[in-house]
Structures are given as C-alpha cells and as structure tokens.
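Spelled out from the first residue to the last, the chains are:
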Amino acid sequence: MTQRETRIGKFRVVALRDANFALDGGAMFGVVPRALWQQLTEVNEDHTIPLAATPYLLDDGVNRIVIEPGMGRRWNEKQTKMFHIDHSGGHDLLESLRGAGLEPEDVTHCLMTHCHWDHIGATCGEDGKPVFPNAQHWAVESEVKALSAQGHMRGASYRIEDLQPVIDAGLLNSFSGEVEVLPGIKMTELGGHSEGIALIRIESEGEKGAFWADIVPTRNHVHLPFIMAYDMNAEKSFAVRSEWIKKSAEEGWLNMLYHDTISPLGRFVFDGKKYGYDALVD
Ligand SMILES: [Zn+2]
C-alpha cells in the first residue's frame with residue numbers, strides 16, 4: 001500500500017482527499033507522444049486520464065496548515081461529467097480532514113500555489129462562504145490578479161468566485177517573490193506552468209520536503225521534459241524543474257504530488273540519465 005501519512009521533522013504530514021477527476025491525456029503530457037504516455041497511465045474512453053486532487057495537512061500541534069484545498073463541490077452537471085468529478089469513496093476535503101482529527105475551524109493556514117480552479121475551488125463551500133473561517137490564506141499576487149484579468153491566455157482555468165469570499169472576509173494574504181509563512185515553511189513564486197505558480201518548501205529538524213502542485217503533477221511527470229501542454233511557458237517550466245527537481249533528489253526531500261492517483265508521497269531519484277519517483281509504501 002502506498003503511504004498517505006508521514007513526518008517532516010516536527011510536522012505530521014497527511015495526504016487528504018478532495019476529489020478524483022480527469023483531464024485530457026494529451027494535454028497532460030504535452031509533446032510526449034501518446035504511444036509513450038498511454039503505457040504509464042490508465043486512459044478513459046474519451047481520452048482523459050484519471051487524476052486526483054490531493055490537499056495536504058501539515059500539523060505541528062499548534063499550526064494546522066492545509067496546502068492546496070482542492071476542487072470543492074461548486075460544479076454543475078455538465079462540468080462534473082466533462083471532468084469526471086467524483087467525490088465518492090471519502091474523496092471530500094472536510095471528511096478527510098475530520099478523519100485526520102480536525103474540524104475546518106481548527107485550520108490556521110491555507111496555502112495555495114496558484115489559482116486554477118482544480119486547486120482552489122474548495123476554499124469556499126456550496127454556501128459561498130470560506131471553508132476555513134479562521135485560516136490565514138496565502139496566494140501569489142500575480143495569480144490573484146489573473147483571476148479577474150480580461151482576455152487572459154488561460155482564462156478558462158480561473159474563476160474569481162473561488163476566492164472572492166475569502167477576499168471579502170479579509171482572510172487573503174498575497175505576496176510576490178518569496179514568503180516565509182511560518183518558520184520553516186516557504187512559498188517561492190516560480191512561474192512557468194502559470195503566471196506565478198509557487199513551490200512550497202518545508203524544513204524542520206533537518207528534514208526537507210516540498211509540495212509541487214503542477215510543477216510536477218504526478219509520478220509520471222518527474223522526467224524533466226514531461227511538461228504539460230497547459231503550461232504557459234514551457235521553457236521556463238523546464239528551467240524551474242531542472243533546478244528544483246535536482247535539488248530535491250540530491251537532498252532527499254519528501255515530495256507531495258497533488259494530482260497523483262496512486263502515490264501522493266515519495267522521493268525523486270536520479271539513475272544517471274533521468275529523474276524518477278520512489279513512492280513511500282507502508
Ligand atoms: Zn494548474
């Protein structure tokens with residue numbers, strides 16, 4: 001069984017569950033030929049591939065941090081069908097948070113790498129209110145701007161209503177460049193995939209980890225050229241990935257992969273030619 005809970009120093013790390021869904025396989029693998037990627041993953045009849053939305057909980061007993069809340073439930077029938085959105089089998093942010101022993105009111109921080117709908121949809125409930133009423137929310141400023149930009153190249157990926165209630169409640173903090181949200185937890189704006197997607201790094205008691213969001217969406221995207229067609233600037237993505245995947249592999253970081261359906265926690269390994277993924281197993 002692949003592992004869903006571990007530690008990074010003083011932090012308990014739990015891979016929560018929000019939803020299973022699916023996106024076009026070709027778009028997920030960019031220039032990689034289907035003949036190659038179809039050997040790596042299940043493929044649905046409509047050419048989509050199964051993906052997860054996996055929020056993570058970091059808990060040091062005082063700070064309860066949710067990284068990337070998930071897709072949430074504000075989806076109509078057409079969208080649910082098109083993206084195969086499925087919350088069955090315990091794939092629900094609040095249910096899995098309660099399974100980890102916490103109520104939404106206990107969450108102190110909610111960190112969002114970028115503002116695409118499959119990453120921040122769950123910040124607000126079906127009642128249009130913030131799901132974590134006591135949490136300081138953190139997002140990259142350029143991403144918040146993209147939510148309401150007219151004629152944006154990736155306008156279909158942004159919905160202002162995902163974040164407006166959090167903004168109205170005075171719960172949103174935004175930053176450019178880098179911010180240390182708490183001692184040992186840094187968000188670094190990198191871009192490439194989107195306007196300003198951030199890498200979230202955790203360092204505690206000599207141990208290191210990172211949440212990769214769409215910089216490395218699944219275990220099948222660790223190989224450096226495997227860049228999604230969704231990425232706005234593939235060349236920048238390649239540079240970002242080359243620098244940070246190398247660092248993670250060299251230093252043995254614990255990696256959290258948001259869209260992986262099978263193994264949300266693991267380490268990057270280099271075999272002398274390319275990078276791969278070593279999943280944590282029980
Ligand atoms: Zn994205």
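Whatever comes next refers back to the structure up there.
No experiment lies behind these values; they were computed from the predicted model shown. (Residues numbered from 1 in each chain as written. Predicted model: local features only at pLDDT ≥ 70, side-chain atom pairs only at ≥ 80, totals over all residues. Heavy atoms only, no water.)

**Student:** Would you mind going over the overall build of the chain with me for this structure?
**Tutor:** When its secondary structure is counted, the chain shows eight helices and 16 strands. Taking 282 residues into account, the globule formula puts the C-alpha radius of gyration at 19 Å, and the chain, at 17 Å, falls close to it. Here the chain, with 282 residues, has 55% of them falling under the buried criterion. Counted over contacts in the chain with a minimum sequence separation of 6, partners at least 24 positions apart contribute 68%. Carbon and sulfur atoms make up 50% of the accessible area of the chain, which amounts to about 12000 Å² in all. Computed over 27 positive and 41 negative side-chain charges, the inter-centroid distance for the chain is 3 Å. (Helix = DSSP H or I, 4+ residues; strand = E, 2+ residues; numbered from the N terminus. Rg over C-alpha atoms; globule rule 2.2 N^0.38 Å. Buried < 20%, exposed > 50% of the residue type's maximum accessible area, 1.4 Å probe, protein only. Contact = heavy atoms within 4.5 Å. Areas by Shrake-Rupley, 256 points an atom, 1.4 Å probe, with all protein chains shown as cover. Lys, Arg positive; Asp, Glu negative; His and termini not counted. Charge placed at Lys NZ, Arg CZ, Asp CG, Glu CD.)

**Student:** Any chance you could explain the nonpolar core here in plain terms?
**Tutor:** In globular proteins that are soluble, nonpolar side chains generally tend to be buried together. Formed by 61 residues in total, the largest nonpolar core has its most connected members in Leu58, Ile67, Leu111, Ile185, Ile202, Trp212 and Met256. The element that contributes the greatest number of residues to this core is strand β12 (residues 198-204), accounting for four residues. Discounting residues that sit within four places of it in the chain, tryptophan 212 has contacts with Leu199, Trp244, Ile245, Ser248, Trp253, Asn255, Met256, Leu257 and Phe268. (Core = buried A, V, L, I, M, F, W, Y, C linked by side-chain atoms within 4.5 Å.)

**Student:** What is the right way to read empty space enclosed by the protein from this model?
**Tutor:** One pass over the structure, following the stated rule, counts one cavity of 30 Å³ or more. Contributing to the lining of the largest cavity are Gly191, Gly192, His193, Asp214, Ile215, Asp231, Ser237, Val240 and Arg241. For the lining of the largest cavity, the class distribution of residues is two nonpolar, four polar and three charged. (1 Å grid on protein atoms, 1.4 Å probe; cavity = no way out; pocket = protein on both sides within 12 Å on 5 of 7 lines; lining within 4 Å. Points joined across faces, edges and corners; volume = space filled by probe spheres on them. Nonpolar A, V, L, I, M, F, W, Y, C, P; charged D, E, K, R; others polar.)

**Student:** When you look at the pattern of salt bridges in this model, what are you seeing that I'm missing?
**Tutor:** Between side chains of opposite charge, a pair can form as their charged atoms come close. For the coordinates displayed, the defined rule picks out 13 salt bridges. Lysine 208 is paired through a salt bridge with glutamate 251; the nearest N and O atoms lie 2.8 Å apart. Within this pair, whereas lysine 208 is found in strand β13 (residues 207-211), its partner glutamate 251 is found in helix α8 (residues 234-251), the two being separated by 43 residues in sequence. On the accessibility criterion, lysine 208 (28% relative accessible area) is partly exposed. With its nearest N and O atoms 3.2 Å apart, the salt bridge here joins glutamate 250 to lysine 246. Placement of both glutamate 250 and lysine 246 in helix α8 is noted, with a separation of four residues, approximately one turn of the helix. Owing to a relative accessible area of 57%, glutamate 250 belongs among the exposed residues under this scheme. Under the relative-accessibility criterion, lysine 246 is labelled partly exposed at 41%. (Salt bridge = Lys/Arg side-chain N within 4 Å of Asp/Glu carboxyl O.)

**Student:** Any chance you could explain the sheet that holds strand β1 (residues 5-8) here in plain terms?
**Tutor:** Each strand in a sheet pairs with its neighbour through backbone hydrogen bonds, running either in the same direction (parallel) or in the opposite one (antiparallel). Strand order across the open sheet formed by seven strands is β1-β2-β5-β6-β7-β8-β9, with mixed pairing between neighbours. The open sheet is flanked by β1 and β9 (172-175), the only strands paired with a single partner. Strand-to-strand twist in this sheet, taken as the mean axis angle between neighbours without regard to direction, amounts to 25 degrees. Sheet topology note: the strand β8 (residues 136-140)/β9 ladder contains four bridges and is parallel. Residue pairing in the sheet places alanine 139 in a bridge with serine 174 of β9. (Pairing = 2+ DSSP bridges. Axes fitted to C-alpha atoms, helices over the stretch in contact; angles between N-to-C directions.)

**Student:** Just checking my understanding: could you explain the coordination of the zinc ion for this structure?
**Tutor:** Under ideal tetrahedral coordination, the four donors around a metal are separated by 109.5 degrees; under ideal octahedral coordination, the six donors are separated by 90 or 180 degrees. Within the first shell, the zinc ion binds the protein through His114 (NE2), His116 (ND1), His193 (NE2) and Asp214 (OD), at distances of 2.0 to 2.3 Å. Binding-site remark: the zinc ion is held by donors from one chain whose sequence spacing is H-x1-H-x76-H-x20-D. One end of the pair, histidine 116, is in the loop between β7 (109-111) and α5 (117-120); the other, aspartate 214, is in the loop between β13 and α8, with 98 residues separating them in the sequence. The residues histidine 116 and aspartate 214 share a single accessibility class, namely buried. (Donors = N, O, S within 2.8 Å, 3.2 Å for Na, K, Ca; no water.)

**Student:** Looking at this model, I keep getting lost on the pairing of β1. Mind explaining?
**Tutor:** On a regular strand, one side chain projects to one face of the sheet and the next to the other, so that they alternate. Every second residue of β1 is oriented toward a common face, the buried set being Thr6 and Ile8 and the non-buried set Glu5 and Arg7. Taking the residues between adjacent antiparallel strands as the criterion, β1 and strand β2 (residues 11-15) are bridged by two residues, where glycine 9 takes a positive phi near 55 degrees.

**Student:** Explain the side chain of serine 204 to me, please; I cannot follow it from the model alone.
**Tutor:** Along the chain, serine 204 turns up in strand β12. Given the relative accessible area of 6%, serine 204 is considered buried. A polar atom in the side chain of serine 204 sits 2.8 Å from the backbone nitrogen of lysine 10. Here serine 204 is in contact with Ile8, Gly9, Lys10 and Phe11, once residues within four sequence places are set aside. (Polar contact = N/O pair within 3.5 Å; in protein donor to acceptor, adjacent residues only side chain to side chain.)

**Student:** Any chance you could explain α8 here in plain terms?
**Tutor:** Count 3.6 residues to each turn of an α-helix, and residues three or four apart come out pointing the same way. With 18 residues, α8 extends 25 Å from end C-alpha to end C-alpha; this agrees with the ideal 26 Å at 1.5 Å per step. Listed as buried for α8 are Ser237, Val240, Arg241, Trp244, Ile245 and Ser248. Where α8 is buried, its residues touch β12, β14 (254-256), β15 (265-270) and β16 (275-279). At the C-terminal side of α8, glycine 252 shows a positive phi close to 65 degrees. (Expected span 1.5 Å × (residues − 1).)

On their own, these measurements won't tell you what the molecule is for.
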